[in-house]
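# Chains, contacts and geometry: an overview
These are the residues of each chain, in order.
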Amino acid sequence: MPTNVLIAGGGPAALEAALRLHRVGAGHVTTTVLAPEAEFSYRPLSVLDPFAAGGATAYALERIAADAGFTHRHGTLASVDCVAHVARTGDGAEIPYDVLLVAAGAAQERPFSAATVFTGADREVESLHGLVQDVEGGYTRRVAFVVPDGASWPLPLYELALMLAERAYDANVSLEVHVVTPEGAPLQAFGHVVSREVKRLLEAAGVVLHVGTRAGRVDRGHLRLSSGESLEVLRVVTLPRLVGREIAGLPSGFLVVDDHGRVRGVPDVYAAGDITAFPVKHGGLACRQADAAADHIAARAGAELVPEPFCPVIHGILMSERAARFMRGEPGRDSRFAGHPLWWPPTKIAGRELAGYLEGVDEQRDAVRGVRVDLRIAGGDPDELEVLSLH
């Protein structure tokens, strides 16, 4: 009989795993995705929303389920009986499984009470749109973007800072923009080359960078930094701090996994994405973890493939209203930074299965996910791509 796989979560890691299992494990697994949402929201493009330059796109999970051959059950994972191989949902339902893949994401904490926390949700987008309008009108002249201490993904703050500085320049108004980060260098996870180029972009835009420091307190625009500096600004924008999600029956906090996604000390349970203890929280990396887990699950179910371990290659796009910069970081190799795509398809979440699937959906419904990049392969080498237009 096919292996009964339950995937808990409805984000990039969960959908990447479901799509991967459909392709490499066909005939060997049956897959159920437990997720509370009816739609998958492509959040990385939400940084464009406050500037009326595009935004997040939603995809119906029922459509993805039909295409990827999984069953979508509405609900959240509340507890796991690892001995009986039963998952319990928030409303008390019991779902048996042979293998469980937990991709439920991380829990979120508000790092500062007196700051706008950007998650891409409608309420925060509206608040930041108001900030953009205040800057254009000359009412707000000092803004700080603060990367919180602990686990987070700082790229959206760099994008917001650059776009706000560009908007102020275009409106011919004076604006002082600060980026405060505990990183040793901007976007340090990508490597030295990317950090150097991002620093140049910030300097060219007039953004003041404070690295290796933390905001210990934010009080009505007053920031006390761990470096001893103090900043006086009118608005503070930050990100949620990510913490481990508590699921009864599983280890507390972020889940520690091996290179194939197996949760240590828990039989037949895998994990991928932000819920794991991997320090970098990023959609593309979550998809790579999901691929490693899905391949291992498919192989043990009888599929003919050799599962490859997780390799933390990071692909990222730094967007502004004027251009997109493509970044790649890989262990043991110099990072890369370019004005043309370094992977295909050139999407924010570079999942091997998910990116191609969503591109196909977009083509079918003739929709654009906020930013449409028209590309021409130069000479046939997929690493040599030229951007013809960005709109």
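I will try to describe carefully the structure that is included in this document. Keep in mind it's a predicted model, so treat the numbers as computed, not measured. (Residues numbered from 1 in each chain as written. Predicted model: local features only at pLDDT ≥ 70, side-chain atom pairs only at ≥ 80, totals over all residues. Heavy atoms only, no water.)

### Topic: the packing of helix α1 (residues 12-24) against helix α6 (residues 283-300)
Where we set the bar: In this description, a line fitted to the C-alpha atoms serves as the axis of each element, helices being fitted only across the stretch in contact, and the angle between N-to-C directions of two axes falls anywhere from 0 to 180 degrees. Strands here are runs of E lasting at least two residues and helices are runs of H or I lasting at least four, both read from the DSSP assignment and numbered beginning at the N terminus. Here a crossing is called left-handed whenever its near helix is offset anticlockwise from the far helix by less than a right angle, and right-handed whenever the offset is clockwise. Whether two residues are in contact is decided by their heavy atoms, any of which lying within 4.5 Å being enough. Note that Gly is not counted as nonpolar here; it falls among the polar residues with everything else outside the nonpolar set of Ala, Val, Leu, Ile, Met, Phe, Trp, Tyr, Cys and Pro and the charged set of Asp, Glu, Lys and Arg.
For the pair α1 and α6, the least separation of the axes is 8 Å and the interaxial angle reads 35°. Pair α1 / α6 crosses with right-handed handedness. Seen from α1, the contacting residues are Pro12, Ala13, Glu16, Ala17, Arg20, Leu21 and Val24; seen from α6, they are Gly283, Ala286, Cys287, Ala290, Asp291, Ala294, Asp295, Ile297 and Ala298. The class makeup of the residues in the contact of α1 with α6 is eleven nonpolar, one polar and four charged.

### With respect to the sheet that holds strand β23 (residues 333-338)
Counted only if it meets this: Between any two strands, pairing holds if DSSP finds at least two bridges.
The strand order β21-β22-β23 describes an open sheet built from three strands, whose pairing is antiparallel. Each having just a single partner strand, β21 (314-319) and β23 make up the two edges of the open sheet. Going across the sheet, the axis of each strand differs from the next one's by a mean of 15°, ignoring polarity. Of the pairings in the sheet, the one linking strand β22 (residues 324-330) to β23 comprises four bridges and is antiparallel in character. Pairing of Glu330 across the sheet is with Arg333, part of β23. Along the sheet, helix α4 (residues 155-170) contacts β21 and β22; its crossing angle with β21, the most-contacted strand, is approximately 20°.

### Side note on the sheet that holds strand β2 (residues 29-35)
The strand order across the open sheet formed by five strands is β5-β2-β1-β9-β20, and the pairing between neighbours is parallel. Of all strands in the sheet, those with a lone pairing partner are β5 (70-74) and β20 (269-271), marking the two edges. Neighbour to neighbour, the strand axes of the sheet diverge by 20° on average, direction disregarded. By the bridge criterion, five bridges tie β2 to β5 in an arrangement that is parallel. Following the sheet pairing, Thr32 is matched in β5 by Thr71. Docked against the sheet, helix α2 (residues 61-68) engages β2 and β5, running at close to 155° with respect to β5.

### Details of the packing of aromatic side chains
Ring pairs (aromatic) are described by centroid distance and by the angle formed between their planes. Let me state the cut-off plainly: The aromatic pairing rule takes the rings of Phe, Tyr and Trp, using the six-membered ring of Trp, and pairs them if the centres are within 6.5 Å, calling planes under 30 degrees apart stacked, those over 60 edge-to-face and the rest tilted. Accessibility here uses a 1.4 Å probe with only protein chains present; expressed as a share of the type maximum, an area under 20% marks a residue as buried, one over 50% as exposed, and anything in between as partly exposed. By definition, being over a ring means that NZ of Lys or CZ of Arg is both within 6 Å of the ring centre and within 35 degrees of the ring normal.
Enumeration according to the criterion identifies five aromatic pairs in this entry. Judged by centre distance (5.8 Å) and plane angle (55°), the ring pair of Trp153 and Phe190 falls under tilted. Residue Trp153 is found in the loop between β12 (142-146) and α4, and its partner Phe190 is found in the loop between β13 (176-180) and α5 (192-204); the two are separated by 37 residues along the sequence. When sorted by exposure, Trp153 lands in the same class as Phe190, which is buried. An aromatic cluster is defined as three or more aromatic residues linked by ring pairs; in this entry it consists of Phe40, Tyr42 and Tyr59. The lysine or arginine in question, Lys281, covers the ring of Phe254, its NZ or CZ lying 4.0 Å from the ring centre.

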